[in-house]
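Next come the chains, spelled out residue by residue.
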Amino acid sequence: MTQDTRIKNIEALAAKGYKAFTVYPVDASATNGLYKELTDSRPVAVSFGTTTLQPTTASFAVATDVKDAAMIATEKLIELMGGKGNILNVLEVVEDANTKLRKQGIEEVVAKHPGVKNYSGSRRH
């Protein structure tokens, strides 16, 4: 489902009187526009799975700190690799907010370890 389709579907539900929405923000900027539109007319908007750009009118987000989790996992991987070697980071959906955060976290950790190289690649569905 595209972001535009998702927004149109949610707007239709809001017009029918729905008062609360949980949304996976595929596009962190466009979703904030939707949240603003919704919260101006009083419904509650919650990000689910990832956050949007700040500031936002979303009430809250239910999500893992993806960047921090990726950094912890990368540190552990490098430790298991003995501090040297190559990491291949396969990026699923490059535009996804969580993918971007995961990539940033991995790159930050690898930058602190001169014996490790990171290769990122995407795959198309």
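That block above? That's the structure.
Model, not experiment: these values are computed from the prediction.

Draft legend 1. Up close: the overall build of the chain. Per the secondary structure count, the chain includes four helices and five strands. The C-alpha atoms of the chain give a radius of gyration of 18 Å, which is well past the 14 Å a tight globule of 125 residues would have. Principal axes of the C-alpha set define a box for the chain whose edges measure 60 × 30 × 20 Å. A buried classification covers 30% of the 125 residues belonging to the chain. Where the 16 positive side-chain charges of the chain centre and where its 14 negative ones centre are 2 Å apart.

Draft legend 2. Spatial organisation of the pattern of salt bridges. Counted under the stated rule, the structure contains five salt bridges. Between lysine 112 and glutamate 75 there is a salt bridge, with the nearest N and O atoms lying 3.4 Å from each other. Placement of the pair is lysine 112 in the loop between α4 (97-111) and β5 (116-122) and glutamate 75 in helix α3 (residues 66-80), with a sequence separation of 37 residues. A relative accessible area of 28% means that glutamate 75 is categorised as partly exposed. As a salt-bridge pair, lysine 76 and glutamate 79 come within 3.4 Å of each other at their nearest N and O atoms.

Draft legend 3. Geometry of the environment of histidine 113. You can see histidine 113 is positioned in the loop between α4 and β5. For the pair histidine 113 and glutamate 75, spaced 38 residues apart in the sequence, the C-alpha separation amounts to 9.4 Å. Residues contacting histidine 113, with those up to four places away along its chain left out, are Glu75 and Ile78.

Draft legend 4. Here's a closer look at helix α1 (residues 3-15). The end-to-end C-alpha distance of α1, which contains 13 residues, comes to 18 Å, matching closely the 18 Å that a straight helix rising 1.5 Å per residue would cover. Inspection of α1 places Gln3, Arg6, Ile7 and Ile10 among the buried residues, and these make up the whole buried set. The buried residues of α1 occupy one face: seen down the axis, they fall within an arc of 95°. Looking at α1, the residues exposed on the side facing more than 90 degrees away from the buried face are Asp4, Lys8 and Ala15. Packing partners of the buried residues in α1 comprise β1 (20-23) and α2 (28-40).

Draft legend 5. Spotlight on unusual backbone geometry. Of note, the amide linkage connecting glutamine 54 to proline 55 takes the cis form, showing an omega dihedral of 0°. Here proline 55 is to be found in the loop between β2 (44-48) and β3 (60-62). Here the phi dihedral of arginine 42 falls at roughly 90°; this positive angle occurs in a residue that is not glycine. With respect to the secondary-structure elements, arginine 42 resides in the loop between α2 and β2.

Draft legend 6. Structural view of the sheet that holds β1. Strand order in the open sheet formed by three strands is β1-β2-β3, and the pairing between neighbours is parallel. Taken across any chain shown, the strands that pair with only one partner, and hence form the sheet edges, are β1 and β3. In this sheet, adjacent strand axes meet at a mean angle of 25° when their direction is disregarded. Each of β1 and β2 is contacted by α2, which is oriented at about 155° to β2, the strand it contacts most.

Conventions we followed
- Residues numbered from 1 in each chain as written.
- Predicted model: local features only at pLDDT ≥ 70, side-chain atom pairs only at ≥ 80, totals over all residues.
- Heavy atoms only, no water.
- Helix = DSSP H or I, 4+ residues; strand = E, 2+ residues; numbered from the N terminus.
- Rg over C-alpha atoms; globule rule 2.2 N^0.38 Å.
- Buried < 20%, exposed > 50% of the residue type's maximum accessible area, 1.4 Å probe, protein only.
- Lys, Arg positive; Asp, Glu negative; His and termini not counted.
- Charge placed at Lys NZ, Arg CZ, Asp CG, Glu CD.
- Salt bridge = Lys/Arg side-chain N within 4 Å of Asp/Glu carboxyl O.
- Contact = heavy atoms within 4.5 Å.
- Expected span 1.5 Å × (residues − 1).
- Arc of directions from axis to C-beta.
- Pairing = 2+ DSSP bridges.
- Axes fitted to C-alpha atoms, helices over the stretch in contact; angles between N-to-C directions.

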